[in-house]
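Fold and geometry: a report
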Amino acid sequence: MRLPNGRHASLLARVETKRRIRVLLRSRLQAGALAITALFMLVATAGLSFAAYSVGERVATEGVAEYVRYGRLGASALFLVGTALTGLRVVGEQGELDHEAGILTTIPHRDAVFGLLLAELVGLAAYVTIPLVCLSVAVALGSGSAALGAAVLVTAATTLVLGLFAGQAFGYVLRYGFVASRLLARYKTALAVLVFLAYMYVVTVSQDASFAIPLLEAVGATPIGWVGLLPFAVIGDASLVEALAGVAVSAAVLPILLGVATLAAGAAWYADEPTGERETTTHESTTIDAGPLERAVGRPSAWVARTAWTRAYRAPMKLVFVLYPAFVLVTPVVEAVRTGVVAPSLPVIFAVYGAWAAGAGFALNLLGDEGAMLPVTLTSGVSGTAFVRGIVSAAAVAGAPVVVPLAVGAGLLVPFPPVQLVLLALSTVALLVGAGMLATGIGTALPRFESVRISRSRRVVAPSLFAFGVYSFVLVVVASPGLATQVPFVADALADQLGVSATALRAGGTVATAVLVGVCGYVSYRSAAKKVDDWTL
């Protein structure tokens, strides 16, 4: 295999780095988030540097021969983290070329792969150079040995660079697998969800890293682990020959990993991507029957709902924005898993978030979601009432099978008494319907037709931030009576103040929420229907 052209690769790396910087700084919000992240990193670096200085002092006074094992484990951990993060980035979006057709018809793909790798190295250096230098200097000052500080820097840099090369190769191999295998392509989203859930379990629920020790020890027994012996070898607690051999082997493996990445990337970029759908020789029959929903909401509304579901199924990335607030569920769910005790507020959180997500995902930008089909929809003869009713039905029917069992199941684990469970289920159903109705009026008053970028190659039309804020505020207000009274300590406190039973208070809260949702939702629903009927292109 021919070597990549350094000039082509460096030019591509420079352009790619500038593009990534522009993406990071293209809005004040992102620039502010980046500044806050940098501030936190500086604070963390200061704290770790102080700890590194203390370790250096201990090395100078007591010695650390009994900790040699952790040198291997530390090098293994750095390598595996670098491999995993880089691999996921390559599979996700960093493995794609901006203007792929133009680049691949201008330079060989090996130059493009090497250019992307150089851009990744620049990004890695931007994040870790200052922390690594500070830690190495702190160790050197604490121990009084510049050689020890340099050894720490070389060890960390070697394992991270090796992990980046390995992640690049691993990511492109996976990427080719998703392109070449129809089975993997079909379940790509499900696999991504499983990986994300596993990651969340590790960083939130797992109490320690004992489950990873066997893997770290296995990697530590390889030349990767030998690299971790270099700081100990400098102070005479490990074999210098073994440590230097680890560094040499790591350097020798880099061209091999680059070759694997080049072959896999070329195969992935030039292959025809499968659709992920089953091949069939039978023809689907066409019918104007819209299914069981037609009997409840009418044929036009049922077809609008089916269209909304089909759109969400074919382009699930359009709904990714409703997952961001789900991180508020992490703390109560983690506590429930750790302690075995479900907080009384958790069923309420599930109900509110589930209804919010269903309404936001399907109804908060009903005009913008139509995209290029909006003129067809407006001139199709479907009334605004039927159109909005279909969108509300899509949100409620899609959310009910998930949200109601989740809220009621959490209520069973609290545990709630049977009457309270029934009231919780009714409140949740009312919220699911009401959230969609509220979202339609707010969405038509504050539509958004411009797409926003969620990755390098994907842009979606998402509701505006202002629409999100108004919708969230109104939904929380109308949901408060019914759902706040489902929390035992709130219901008991209010019942004592009002001189009624907690059961009667919960029933009253449910009725109040149903009335608020019904009134506000109907006003919003009628406003949306009128807006659709009167909309002019």
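Just so it is clear, the structure is predicted and the values come from calculations on it, not from any experiment.

**Overview of the overall build of the chain**
Each helix and strand in the chain was counted, giving 22 helices and two strands. Here the chain, with 537 residues, has 42% of them falling under the buried criterion. Sequence separation of 24 or more characterises 79% of the internal contacts of the chain that already satisfy a separation of 6 or more. Positive and negative charge centroids in the chain, built from 36 and 29 side chains respectively, lie 8 Å apart.

**Considering empty space enclosed by the protein**
Taken as a whole and judged by the stated rule, the model has one cavity of 30 Å³ or more. If you add up the space inside the largest cavity, you get close to 120 Å³. As for the largest cavity, its lining consists of Ala308, Arg311, Ala312, Ala315, Lys318, Leu319, Phe321, Gly361, Phe362, Asp369, Ile391 and Val461. Mapped onto the lining of the largest cavity, the elements with two or more residues apiece are helix H14 (299-314) and helix H16 (346-363). The greatest single-element share of the lining of the largest cavity, amounting to three residues, is contributed by H14.

**What about the packing of H16 against helix H18 (residues 384-413)?**
With their axes 9 Å apart at the nearest point, H16 and H18 run at an angle of 165° to one another. By the angle between their axes, H16 is roughly antiparallel relative to H18. Here H16 and H18 pass one another in a crossing that is right-handed. On H18, the residues that touch Pro347, Phe350, Ala351, Gly354, Ala355, Ala358, Gly359, Phe362 and Ala363 of H16 are Ile391, Ala394, Ala395, Ala398, Gly399, Val403, Leu406, Ala407, Ala410 and Gly411. For the contact of H16 with H18, a count of residues per class yields 15 nonpolar, four polar and no charged.

**So, the nonpolar core**
Judged by nonpolar contacts, the single largest core of 63 residues is most densely connected at Trp356, Leu364, Val388, Tyr471 and Leu475. If one sorts the elements of this core by residue count, H16 sits on top with twelve residues. Once residues lying within four places of it in the same chain are set aside, the contact partners of Leu475 are Val352, Ala355, Trp356, Leu431, Ala435 and Leu438. Listed in part, the 29 residues of the second largest apolar core include Val113, Leu160, Ala261 and Trp269.

**Some words on the environment of Ala326**
Inspection of the secondary structure assignment puts Ala326 in the loop between H14 and helix H15 (330-339). In this structure the C-alpha to C-alpha distance between Ala326 and Tyr353, which are 27 residues apart in sequence, comes to 7.6 Å.

**Structural notes on the side chain of Gln168**
Within the secondary structure, Gln168 sits in helix H6 (residues 146-180). If we ignore the near neighbours within four places in the chain, the residues touching Gln168 are Thr86, Val90, Val113, Leu116, Leu117, Glu120 and Ala261.

**Thoughts on the packing of helix H5 (residues 109-143) against H6**
Viewed as axis vectors pointing N to C, H5 and H6 meet at an angle of 155°, and their least axial separation amounts to 9 Å. If you check the angle between H5 and H6, you find them roughly antiparallel. Between H5 and H6 the crossing geometry is right-handed. For the contact of H5 with H6, the class distribution of residues is 21 nonpolar, four polar and one charged.

**Considerations on helix H19 (residues 418-445)**
Given a rise of 1.5 Å per residue, 28 residues ought to cover 40 Å, and the 41 Å separating the end C-alpha atoms of H19 matches this to within 8%. Taken across its 28 residues, H19 has 20 buried, putting it largely inside the fold.

**Considerations on the confidence of the model for the chain**
Residues with a pLDDT of 70 or more make up 91% of the chain, whose mean pLDDT is 82. When pLDDT is averaged over each helix and strand of the chain, the minimum, 66, is found for strand S1 (residues 452-453) and the maximum, 92, for helix H10 (residues 223-227).

**Some details on the packing of aromatic side chains**
Enumeration over the complete set of coordinates arrives at five aromatic pairs. Between Tyr353 and Trp356, the ring centres sit 6.2 Å apart and the planes meet at 25°, which makes this aromatic pair stacked. Linking Tyr353 with Trp356, this pair stays in helix H16, spanning three residues, or about one helical turn. The same class applies to Tyr353 and to Trp356, which are both buried. A connected cluster of aromatic rings, assembled from ring pairs, spans Tyr353, Trp356, Phe468 and Tyr471. Geometry around Tyr70 places Arg69 over its ring, the cationic atom sitting 5.5 Å from the centre. One residue, Arg306, lies across the ring of Trp303, its end atom 4.5 Å from the ring centre.

**Remarks on unusual backbone geometry**
Each neighbour pair has its own omega, and for Val414 with Pro415 the value is 0°, a cis peptide bond. Looking at the secondary structure, you find Pro415 in the loop between H18 and H19.

**Quick look at the layout of surface pockets**
In this structure, the second largest pocket occupies an estimated 330 Å³ of space. What lines the second largest pocket is a set of 15 residues, among which Trp303, Val304, Thr307, Glu370 and Thr377 lie closest to the centre. Listed by contribution, the elements that provide at least two residues to the lining of the second largest pocket are H14, helix H17 (374-378) and H18. The element best represented in the lining of the second largest pocket is H14, accounting for six residues. Among the residues making up the lining of the second largest pocket, the classes are represented as nine nonpolar, three polar and three charged.

The rules behind each value
- Residues numbered from 1 in each chain as written.
- Predicted model: local features only at pLDDT ≥ 70, side-chain atom pairs only at ≥ 80, totals over all residues.
- Heavy atoms only, no water.
- Helix = DSSP H or I, 4+ residues; strand = E, 2+ residues; numbered from the N terminus.
- Buried < 20%, exposed > 50% of the residue type's maximum accessible area, 1.4 Å probe, protein only.
- Contact = heavy atoms within 4.5 Å.
- Lys, Arg positive; Asp, Glu negative; His and termini not counted.
- Charge placed at Lys NZ, Arg CZ, Asp CG, Glu CD.
- 1 Å grid on protein atoms, 1.4 Å probe; cavity = no way out; pocket = protein on both sides within 12 Å on 5 of 7 lines; lining within 4 Å.
- Points joined across faces, edges and corners; volume = space filled by probe spheres on them.
- Axes fitted to C-alpha atoms, helices over the stretch in contact; angles between N-to-C directions.
- Parallel < 35°, antiparallel > 145°, perpendicular 65-115°, else oblique.
- Left-handed = near helix turned anticlockwise from the far one by under 90°.
- Nonpolar A, V, L, I, M, F, W, Y, C, P; charged D, E, K, R; others polar.
- Core = buried A, V, L, I, M, F, W, Y, C linked by side-chain atoms within 4.5 Å.
- Expected span 1.5 Å × (residues − 1).
- pLDDT = per-residue confidence, 0-100.
- Phe/Tyr/Trp six-rings, centres within 6.5 Å; stacked < 30°, edge-to-face > 60°.
- Lys NZ or Arg CZ within 6 Å of the ring centre and 35° of its normal.

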